[in-house]
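Residue strings, one per chain:
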Amino acid sequence: TPIEVVSFCQEIAESLGSILKEQYEFSFITNTRNCIAYLDEQLAWHLLNNLLSNAVKYSPQGSVISLILTCDENTVCFQIKDQGIGIPLEFQEKLFEPFQRANNVAKIPGTGLGLAIVKRCVDLHQGTISVESIPGQGTNFVVTLPLRTITSMNEDK
Ligand code: ATP
Ligand code: MG
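Residues numbered from 1 in each chain as written. Chains lettered and ligands numbered in written order. Predicted model: local features only at pLDDT ≥ 70, side-chain atom pairs only at ≥ 80, totals over all residues.

**Focus: the packing of helix α3 (residues 41-57) against helix α4 (residues 114-124)**
Here's step 1: With their axes 9 Å apart at the nearest point, α3 and α4 run at an angle of 145° to one another. Between α3 and α4 lies a crossing whose hand is left-handed. The segment α3 lies against α4, with L43, H46, L47, N50, L51, S53 and N54 engaging G114, L115, I117, V118, C121, V122 and L124.
Here's step 2: In terms of residue class, the contact of α3 with α4 is built from nine nonpolar, five polar and no charged. (Axes fitted to C-alpha atoms, helices over the stretch in contact; angles between N-to-C directions. Helix = DSSP H or I, 4+ residues; strand = E, 2+ residues; numbered from the N terminus. Left-handed = near helix turned anticlockwise from the far one by under 90°. Contact = placed C-beta atoms within 7 Å. Nonpolar A, V, L, I, M, F, W, Y, C, P; charged D, E, K, R; others polar.)

**Thoughts on α4**
Here's step 1: Here α4 has its buried residues at L115, V118 and C121. Along the axis of α4, the buried positions cluster into a sector of 115°, meaning they face one direction only.
Here's step 2: Its buried side turned inward, α4 meets α3 and β6 (128-134). (Buried ≥ 20, exposed ≤ 12 C-beta atoms within 10 Å, placed from the backbone. Arc of directions from axis to C-beta.)

**Here we look at the site of ligand 1**
Here's step 1: Around ligand 1, the structure places 22 residues, and the nearest of them are R101, A102, G110, G114 and L115.
Here's step 2: At the level of elements, α3 and α4 are the ones that each hand at least two residues to the shell around ligand 1.
Here's step 3: When residues of the shell around ligand 1 are assigned to their parent elements, the largest contribution, four residues, is made by α3.
Here's step 4: Classifying every residue of the shell around ligand 1 gives ten nonpolar, nine polar and three charged. (Near = placed C-beta within 6 Å.)

Here you go:
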């Protein structure tokens, strides 16, 4: 279904509301006021919610978390940036496998499923996901999705 992505992002940030606003320096940055993408709303919600929840979980209170939305003619790009504990380089290849957790998060509870779900949501949208992370400095997840997939074009008729 067509989703207006700017307000969608605002709603997700709102749903995490008090945590992001009161305990972090949250900012939502966008290059557009209006961007229509043919996304599965539930999947897109899981995708952003998991990435933002990780940013919160793996960053100290008071640090900066940003959600950066960039729309162009054919794609929508979400960046979720934090200044948290970061991801050890040797773990990055296992990042999207279920039940895998890095050894620097042993004290923080979690199942290791969030990013496996995220990856699945990205794949179902025929998108890409990448990560840039420096342990002790922070992490940036970059998700790029087509505004319209072949499948969503067919559904539309
Ligand atoms: P849950 O299933 O509750 O989400 P989880 O957060 O441990 O548990 P994932 O979201 O799949 O699982 O993340 C997998 C692992 O990747 C984490 O355990 C952590 O080691 C690492 N990780 C993910 N996001 C971040 C982040 N923003 N900063 C640092 N490490 C991260
Ligand atoms: Mg998680």
